[in-house]
Amino acid sequence: MIEKKKIAIIGGGIAGLTFARCLGSDEYDINIFERKEDFGEIGAAISVFPNALCVMDELGLLADILKNSGEFKTVYLKTDSGDILSKSEPKTDYPVICIHRADLHAILLKNLDAKLHNNSPLKELSQLENGQIKLTFDNGESGVFDAVIGADGIHSQVRKHVFNDGEPIFRGYNVWRGVVKTDFDIGYGSETFGKGQRVGIVPIKDGVYGWWATCNEDFMQDDSPEGAKAKLNRLFSSWHAPIPDLIRKTDNILKNGIMDRKLRNGWTKGPVTLIGDAAHPTTPNLGQGGCMAIEGAYILAKSLQKYGLTKMAFDRYEELHYPRAKSIVKESLKLGKMGQLTNPLLIGLRNFAFKAMPSSVAMKMIDKYFSYRVTKLNI
């Protein structure tokens, strides 16, 4: 019997789990190391657009995901007073959905054929003379692997080994996120623009909604003494329904600084490579961060299946995935700047441009991302 090659995936989030599922364990001994106490996800919504659902379909997970998600057939852009700037109705072969991050994570984790190691923050990574990689963890464990996949997010320890390019870039605004059960079901997704502030609303399932709100301020500015909910009530109490109601009824509100990194080539160093936010962190303005992680995980897995643990496999993965990642990171950053405008004249111009844009043009812009099918690539 041929001994299986050992692969370590650092990070048990959506990118790491998707990669493990796409790769399969027939030829590889897959180990997933998660720094947290438990394998799980935070209480927020995540978009899984058609370009990522095609991967879930191939993995046989589509039915489970659709059962636990909310579809929105219409997307509105609005002003804080509720004036409609644009209305889009995406038409694709897969639905446009949002799902609770924890539900998506649980679906990916269920019956996964991999060894799971929780409470395992990576301490050190070093390449041995024979080309293998030795990993040491803060909990005292260590191991030797034939390849290491860095799926450990924007603050990736594996990225330090590959690039060591310092800290992520804060983009000047923070975001609060929540999930709330309501007694209504509006059935659409929306994004609302104010002055240096925005709110997004997405249906999850059966009257449960995910929302996010942004504000231009210092990185992770302290919400004391009033607290996050009181602060958000103050900032958004005059905005159109149901925004104030959603915030007021949310028990658990999360806060993050909006950050990304300058995208750069060379995601691989020896048998160590990066996927997801470790490779190409993006601001969330296109809702494509999780989708890109899924796409990249799929491409890398299929490249390894075809070419084995070789430089050709890693090079092919980056060759196919880098141009799309670059486009999304760049476009998302631009949209974020537009959304966080504070100059009244520029805000007026932005709103006029959205209102004047024909729906066919808006749909063409959305279709650029939604119609991409990573499963059709010639890997």
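Our subject is the structure that appears above.
Criteria and cut-off values
- Residues numbered from 1 in each chain as written.
- Predicted model: local features only at pLDDT ≥ 70, side-chain atom pairs only at ≥ 80, totals over all residues.
- Heavy atoms only, no water.
- Helix = DSSP H or I, 4+ residues; strand = E, 2+ residues; numbered from the N terminus.
- Rg over C-alpha atoms; globule rule 2.2 N^0.38 Å.
- Contact = heavy atoms within 4.5 Å.
- Areas by Shrake-Rupley, 256 points an atom, 1.4 Å probe, with all protein chains shown as cover.
- Buried < 20%, exposed > 50% of the residue type's maximum accessible area, 1.4 Å probe, protein only.
- Pairing = 2+ DSSP bridges.
- Core = buried A, V, L, I, M, F, W, Y, C linked by side-chain atoms within 4.5 Å.
- Salt bridge = Lys/Arg side-chain N within 4 Å of Asp/Glu carboxyl O.
- Polar contact = N/O pair within 3.5 Å; in protein donor to acceptor, adjacent residues only side chain to side chain.
- Axes fitted to C-alpha atoms, helices over the stretch in contact; angles between N-to-C directions.
- Parallel < 35°, antiparallel > 145°, perpendicular 65-115°, else oblique.
- Left-handed = near helix turned anticlockwise from the far one by under 90°.
- Patch = residues over 30% accessible without salt bridge, like charges linked within 9 Å, V, L, I, M, F, W, Y side chains within 5 Å.

### Here's the deal with the overall build of the protein
Move 1: Looking only at helices and strands, the protein has eleven helices and 19 strands in total.
Move 2: The C-alpha atoms of the protein give 21 Å as radius of gyration, which agrees with the globular expectation for 379 residues (21 Å, within 12%).
Move 3: Projecting the C-alpha coordinates of the protein onto the three principal axes gives extents of approximately 65 × 45 × 40 Å.
Move 4: Long-range pairs, those at least 24 residues apart, make up 75% of the contacts in the protein between residues at least 6 apart in sequence.
Move 5: By element, 51% of the accessible surface of the protein is carried by carbon and sulfur atoms, the whole surface being about 17,000 Å².

### Focus on the pairing of strand β14 (residues 189–193)
Move 1: Taken across its five residues, β14 has five buried, putting it largely inside the fold.
Move 2: One ladder, built from five bridges, connects strand β5 (residues 75–79) with β14; its direction is parallel. Paired with L77 across the strands is E191, a residue of β14.
Move 3: Note that β14 and strand β15 (residues 197–205) share four bridges and pair antiparallel. Considered in β15, the bridge of T192 is made with V199.
Move 4: Where β14 folds back on β15, the antiparallel hairpin that results is connected by three residues, among which G196 adopts a positive phi of roughly 70 degrees.

### A look at the nonpolar core
Move 1: The biggest cluster of nonpolar side chains holds 83 residues, and the ones touching the most others in it are I9, F19, I32, I65, L135, W267 and I275.
Move 2: Ranked by the residues each element gives to this core, the list is headed by helix α8 (residues 289–307), at ten residues.
Move 3: Excluding residues within four positions of it along the chain, I65 makes contact with L53, M56, I97, I99, L104 and I107.
Move 4: In terms of nonpolar packing, the next biggest core, distinct from the first, is built from 16 residues, W211, L235, I247 and I253 among them.

### Quick notes on the pattern of salt bridges
Move 1: Within the structure shown, the criterion is met by 23 salt bridges.
Move 2: Here K87 ties to E89 by a salt bridge, and the two come within 3.8 Å at their closest N and O atoms.
Move 3: Residue K87 is classed as partly exposed on the basis of its relative accessible area of 42%.
Move 4: Of the residues examined, E89 reaches a relative accessible area of 34% and is grouped as partly exposed.

### A closer look at helix α1 (residues 14–23)
Move 1: Across the ten residues of α1, nine count as buried, placing the element largely inside the fold.
Move 2: Downstream of α1 by a residue or two, G24 has a phi angle that is positive, lying close to 80 degrees.

### Concerning the side chain of T250
Move 1: Examined against the element boundaries, T250 turns out to sit in the loop between α7 (243–248) and β17 (254–260).
Move 2: A polar contact is formed between the side chain of T250 and the side chain of W211, at a distance of 2.8 Å.
Move 3: At 2.6 Å, the side chain of T250 forms a polar contact with the backbone oxygen of L246.
Move 4: Sequence-distant contacts of T250, that is, excluding residues within four places in its chain, are made with G178, V179, V180, W211 and K229.

### Notes on the packing of α8 against helix α9 (residues 311–339)
Move 1: Contact geometry for α8 and α9: axes closest at 8 Å, N-to-C directions at 165 degrees. One element, α8, and the other, α9, form an angle in the roughly antiparallel class. For the crossing formed where α8 meets α9, the hand is right-handed. Residues M292, E295, G296, I299, L300, S303, L304 and Y307 of α8 form the contact with α9, whose participating residues are M312, A313, F314, R316, Y317, L320, H321, R324, A325, I328 and V329.

### So, a nonpolar patch on the surface
Move 1: Among the surface-exposed residues, L345, L346 and L349 lie close enough to one another that they form a single nonpolar patch of about 300 Å² accessible area.
Move 2: As for its placement among the helices and strands, L345 is situated in helix α10 (residues 344–356).
Move 3: For L345, a relative accessible area of 61% corresponds to the exposed category.

### Overview of the sheet that holds β15
Move 1: Ordered in space as β6-β5-β14-β15-β16-β13-β17, the seven strands form an open sheet in which the pairing is mixed. Edge positions in the open sheet fall to β6 (84–88) and β17, since each of these has one partner strand only. Going across the sheet, the axis of each strand differs from the next one's by a mean of 20 degrees, ignoring polarity.
Move 2: Where β5 lies against β6, four bridges are found, and the strand directions are antiparallel. Looking at the pairing, L77 lines up with S86 of β6.
Move 3: Relative to the sheet, helix α6 (residues 228–236) contacts β13 (169–181), β15, β16 (208–216) and β17, its axis offset from that of β16 by approximately 75 degrees.
Move 4: Of the strands in this sheet, β13, β14, β15 and β17 touch α9, which is tilted by about 120 degrees from β15.

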